[in-house]
Amino acid sequence: GQNIDQPTEMTATEGAIVQINCTYQTSGFNGLFWYQQHAGEAPTFLSYNVLDGLEEKGRFSSFLSRSKGYSYLLLKELQMKDSASYLCAAPSDTGRRALTFGSGTRLQVQP
Amino acid sequence: ETGVTQSPTHLIKTRGQQVTLRCSSQSGHNTVSWYQQALGQGPQFIFQYYREEENGRGNFPPRFSGLQFPNYSSELNVNALELDDSALYLCASSFRQASTDTQYFGPGTRLTVL
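Residues numbered from 1 in each chain as written. Chains lettered and ligands numbered in written order. Predicted model: local features only at pLDDT ≥ 70, side-chain atom pairs only at ≥ 80, totals over all residues. Heavy atoms only, no water.

In terms of helices and strands, chain A carries 0 helices and 11 strands. When its helices and strands are written in sequence order, chain A yields β-β-β-β-β-β-β-β-β-β-β. In terms of overall dimensions, chain A is globule-like: its C-alpha atoms have a radius of gyration of 14 Å, near the 13 Å expected for 111 residues. Overall, the C-alpha framework of chain A stretches about 45 × 30 × 20 Å when taken along its three principal axes. Out of the 111 residues belonging to chain A, those deemed buried represent 45%. In chain A, the share of contacts with a sequence separation of at least 24, taken over all contacts with a separation of at least 6, comes to 55%. Averaging the coordinates of the 9 positive side-chain charges in chain A and doing the same for the 10 negative ones gives two points 5 Å apart. (Helix = DSSP H or I, 4+ residues; strand = E, 2+ residues; numbered from the N terminus. Rg over C-alpha atoms; globule rule 2.2 N^0.38 Å. Buried < 20%, exposed > 50% of the residue type's maximum accessible area, 1.4 Å probe, protein only. Contact = heavy atoms within 4.5 Å. Lys, Arg positive; Asp, Glu negative; His and termini not counted. Charge placed at Lys NZ, Arg CZ, Asp CG, Glu CD.)

Written as structure tokens, this is what we have:
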């Protein structure tokens, strides 16, 4: 089976940097996804990591350590519009073709 | 390029009724996956359709069923609605059926069961 854990809520200040952690347990590893979801809207794709290390995409970066079962999403120069839930997800290792999602981290950016 | 679309946006039903939700996949995508998202939770996988056949299923009872059409659009049907079925239903399309392929989500249908 798969298990994905993330903090429930985080608060940060506009202009700051925030790191959202995700730990996972899977019997087989097929990479890790991060999605952003604004309230009442669809999740939108942010990143997919399959190799160890940091991948940078503008203000957002995602890190993966396969040996530690750990990933984080780093958001720099926070803006008010970054207030959203951030979902960590792992592809199924059971042939179900699914993504298994964590419960999401709700980030509140304050002025 | 047209993204994933879903209809209706909102729906209110009563317990015991049946509901059909619809999804049009993103242009060029042949795979559709359906997820249920309860308030404050991450999406949970219901099933996936590829080439008009169910290609994988999560832990949902048989009263959750679906279809995929030749144009790759899809329907989710739920029979004998229960109060716990109240949720946001998300459809996601991808280029292939592999779970490692990036899935692109539609805006969802908010179902309320009274």
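Residues and elements named next belong to chain A. An order of β1-β3-β8-β7-β6 is seen for the 5 strands of this open sheet, with the pairing classed as antiparallel. Lying at the two open borders of the sheet, with one neighbouring strand each, are β1 (3–5) and β6 (53–57). The mean inter-strand angle of the sheet, taken between neighbouring strand axes irrespective of direction, is 15 degrees. Relative to strand β7 (residues 60–65), β6 runs antiparallel, the two sharing 5 bridges. (Pairing = 2+ DSSP bridges. Axes fitted to C-alpha atoms, helices over the stretch in contact; angles between N-to-C directions.)

Residue and element names in this part refer to chain A. Under the counting rule described, the total for this entry stands at 2 disulfides over all chains. Covalently, Cys22 is tied to Cys88 through a disulfide, its sulfur atoms 2.0 Å apart. Across the S-S bond of Cys22 and Cys88 the torsion is about -70 degrees, and the bridge reads as left-handed. Pair noted here: Cys22 is in strand β3 (residues 18–25) and Cys88 is in strand β9 (residues 84–91), with a separation of 66 residues, a long-range link. (Disulfide = S-S within 2.5 Å.)

Turning next to the layout of surface pockets. Estimated volume of the largest pocket: approximately 520 Å³. Lining the largest pocket are 24 residues, with Gln37, Ala39, Ser85 and Arg106 of chain A together with Gly40 of chain B positioned closest to its centre. Counting only elements with at least two residues in the lining of the largest pocket, the list comes to β9 and β11 (105–110) of chain A. Each residue belonging to the lining of the largest pocket can be placed in one class, and the counts come to 7 nonpolar, 13 polar and 4 charged. (1 Å grid on protein atoms, 1.4 Å probe; cavity = no way out; pocket = protein on both sides within 12 Å on 5 of 7 lines; lining within 4 Å. Points joined across faces, edges and corners; volume = space filled by probe spheres on them. Nonpolar A, V, L, I, M, F, W, Y, C, P; charged D, E, K, R; others polar.)

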